[in-house]
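Survey of secondary and tertiary structure
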Amino acid sequence: MQVKLGGKIVFGYVKPRRGDLRIKEYDFYKAVYCGLCHHQKKLSRRLRYMLSYDMVLLALLRLGAVGERACFLKQRCPVHPVKGCLAVASSESLAYTASVSAILLYGKLQDDSRDEKGIRRLFAKMMAKSAKKAMRHAPILALEETTAQRLLELSACEARSAESVYEGAEIFGKLLGEVFAYDGKGELAREKTVALYEIGYRVGRLIYILDAYADRDEDKKTGAYNPFVLSKEDTESDAFRDRLVIALDMELVQASVALDLLDIADGGIYAILKNLLKLGLGDVMREVIYHNKRAETIQKESRKAYEL
Amino acid sequence: MSYNPYAILGVSPNASDAEIKKAYYELAKKYHPDNCQKEALREIAAEKMKEINKAYDTIKAWREEGYQGTSQSSQSSSQGGVYHTVRVLLNENRLAEAERLLEGIPYNERGAEWLFLKGVLFMRMGRYMDALRMFESACREDPTNREYREALDSLRAATANMRSEGSYHTSTRGCSDCDICSGLVCADCCCECMGGDLIRCC
């Protein structure tokens, strides 16, 4: 889930609150991440290093909604060369998520190779090529089209400097909703796709708004589009922050309701998802909104993961 | 808008008689004093039961009189007629038309009610941040109005349990999933009886 706003890469808004996960749940969470990484490798070796933790949310949702049984394998990888890691073995949900990750990355990297300069541009171009290769490996044409369409809409929204943050949020929400609810083989019941769409939509809106708020200082300096910079209100005031938190909590409440309607049979997966949506996202959101400093360290950490 | 029996039963004012009956029976089952073993709890349940009975009777009486409970409180301002139309439009989910009407009102005539209705409109559009801002301004303009205050409070209450730090594993404190739903339903009812809507499908 990489949002491009002012040329910045965003990682890791969707994280669990670790203290509230059971150990087996945390292990499962990690296994899904490692499994995703292995699936990503099958598509493109380079791309696996750009895998975001956010994609675990999608993988878990799909695993839960489809009701696929996860098998585990101990595998070695560059990150865990000696000890190896427990990873979810080949699964359709994970393969789907890996393809989605490639599609989203491709959209982002293409943007970067247009806007960035110097070594970053070179890097973006190189990675975009890998992403394209990965997309060809496991094509989801319908999704590629709609995603490209939505990204175009987003840049149009930025170009005309939309005043309300909700305009961009709406588009990004729809993008994620479509990605979450995509059902190429018709294996999902209608209620499930509706619930999946709602979760994607809400999470997308939240991430877009949160990201815009987190980037407001940098965008002010660079002059990039940011609805919070354009806003006539005092975006630094406590009243504004409180309002923002309540508004974003509303999105999380709706996402949680949709999650319950998804009716996930596997209790463990359900618990992790509940944690991600209710606690994890809520924590990250509050950190970003109230203490910007800590949010910056989070981003620094995730950038480290990205450079690896 | 002092007493709202619909909110107590957790149904929308547009609910059918059958729906209201069902909601009543469900609540009655839930709060029946015989379910409680502890004396103190039994008293609370009995209190709750009384409230539910009263609400059910009131709705029945209203409906027999043909009163739907949707007619709104004071429309003293000069824009009263327009505001009423806006409320009707909002209720019917005709957001674009409602917005046009609201924008048509000149700046100097925009009062607390305008702010409130704009807030309801934002709420329906899913623009919660803007809705909150409008409700807050409406409350500042007219601090005595209960309708505006309740709209603001219900929006805050809907997210209250997200703020509690408790873990969901230990459900001894904090809110359960059930509470979120009932909170939302309550917020929806509050909004609906004021001409807004939080959850479109009910």
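None of these values were measured; they are calculated from a predicted model.

A word on the overall build of chain B
The helix and strand tally for chain B stands at 10 helices and 0 strands. Across chain B, contacts joining residues at least 24 apart in sequence account for 55% of those joining residues at least 6 apart. With an accessible surface of roughly 10800 Å², chain B has 51% of that area assigned to carbon and sulfur atoms.

Details of the packing of aromatic side chains
Two descriptors summarise a pair of aromatic rings, namely the distance from one centre to the other and the angle between the planes of the rings. Counted by the stated rule, this structure contains 13 aromatic pairs over all chains. Taken together, a centroid distance of 6.2 Å and an interplanar angle of 10 degrees make the contact between Y197(A) and Y201(A) stacked. Of the two residues, Y197(A) and Y201(A) both sit in helix α7 (residues 190-214), 4 residues apart, roughly one turn of that helix. Taken together, the ring pairs connect Y29(A), Y33(A) and Y53(A) into an aromatic cluster. Over the ring of Y96(A) we find R62(A), and its NZ or CZ is 4.2 Å from the ring centre. In this structure, R110(B) is placed above the aromatic ring of Y107(B), and the distance from its NZ or CZ to the ring centre is 4.2 Å.

Focus: the interface of chain B and chain A
Quite often, the size of an interface is put as the accessible area lost when its parts meet. Across the contact, 26 residues belong to chain B and 33 residues belong to chain A. Between chain B and chain A lies a buried interface of about 2600 Å² when both sides are counted; carbon and sulfur atoms form 63% of it. On inspection of chain B and its partner chain A, the count reaches 2 salt bridges. Among the salt bridges present, the one from R133(B) reaches E233(A), with a minimum N-O distance of 3.0 Å. Along the contact surface separating chain B from chain A lie 7 residue pairs in polar contact (both at pLDDT 80 or more). Contributions of two or more residues to the side of chain B that touches chain A are made by α7 (128-141), α8 (146-158), α9 (160-163) and α10 (177-193) of chain B. Residue contributions to the side of chain B that touches chain A peak at 6 residues, all from α7(B).

A few points about helix α3 (residues 92-115) of chain A
Residues and elements named next belong to chain A. For α3, which comprises 24 residues, the first-to-last C-alpha distance of 35 Å matches the rise-based estimate of 34 Å (1.5 Å per residue) to within 8%. Of all 24 residues that make up α3, 18 are buried, and the element is covered over most of its length. For α3, the side-chain oxygen to backbone nitrogen distance between the N-cap and S93 is 3.2 Å, and the N-cap itself is S91.

Side note on the side chain of T193(A)
Residues and elements named next belong to chain A. By secondary structure assignment, the location of T193 is in helix α7. The class for T193 is buried, based on a relative accessible area of 17%. Non-local contacts of T193, meaning those with residues more than four positions away in its chain, are made with A181, D183 and L188.

Here's the deal with the environment of G104(B)
Residues and elements named next belong to chain B. By secondary structure assignment, the location of G104 is in helix α5 (residues 95-104). Residue classification places G104 among the exposed residues on the basis of a relative accessible area of 57%. Separated by 29 residues in sequence, G104 and R133 place their C-alpha atoms 20 Å apart.

Overview of the confidence of the model for chain A
Residues and elements named next belong to chain A. Of all residues in chain A, 91% have pLDDT values of 70 or greater, and the mean over the chain is 83. Within chain A, the element-level pLDDT minimum falls on helix α12 (residues 292-307), averaging 54, and the maximum on helix α6 (residues 165-181), averaging 92. Segment residues 1-10 is flagged for pLDDT under 50; beyond a separation of four residues in sequence, or across chains, it makes 44 contacts in the model.

Some thoughts on a positive patch on the surface
Residues and elements named next belong to chain A. A contiguous patch of positive charge, built from R46, K117, R121, K125, K129, K132, K133 and R136, is present on the exposed surface. When you line up the elements, K117 lands in the loop between α3 and α4 (118-137). Here K117 falls in the exposed class, since its relative accessible area comes to 69%.

Conventions we followed
- Residues numbered from 1 in each chain as written.
- Chains lettered and ligands numbered in written order.
- Predicted model: local features only at pLDDT ≥ 70, side-chain atom pairs only at ≥ 80, totals over all residues.
- Heavy atoms only, no water.
- Helix = DSSP H or I, 4+ residues; strand = E, 2+ residues; numbered from the N terminus.
- Contact = heavy atoms within 4.5 Å.
- Areas by Shrake-Rupley, 256 points an atom, 1.4 Å probe, with all protein chains shown as cover.
- Phe/Tyr/Trp six-rings, centres within 6.5 Å; stacked < 30°, edge-to-face > 60°.
- Lys NZ or Arg CZ within 6 Å of the ring centre and 35° of its normal.
- Buried area = accessible area lost by both parts, 1.4 Å probe.
- Salt bridge = Lys/Arg side-chain N within 4 Å of Asp/Glu carboxyl O.
- Polar contact = N/O pair within 3.5 Å; in protein donor to acceptor, adjacent residues only side chain to side chain.
- Expected span 1.5 Å × (residues − 1).
- Buried < 20%, exposed > 50% of the residue type's maximum accessible area, 1.4 Å probe, protein only.
- pLDDT = per-residue confidence, 0-100.
- Patch = residues over 30% accessible without salt bridge, like charges linked within 9 Å, V, L, I, M, F, W, Y side chains within 5 Å.
- Lys, Arg positive; Asp, Glu negative; His and termini not counted.
- Charge placed at Lys NZ, Arg CZ, Asp CG, Glu CD.

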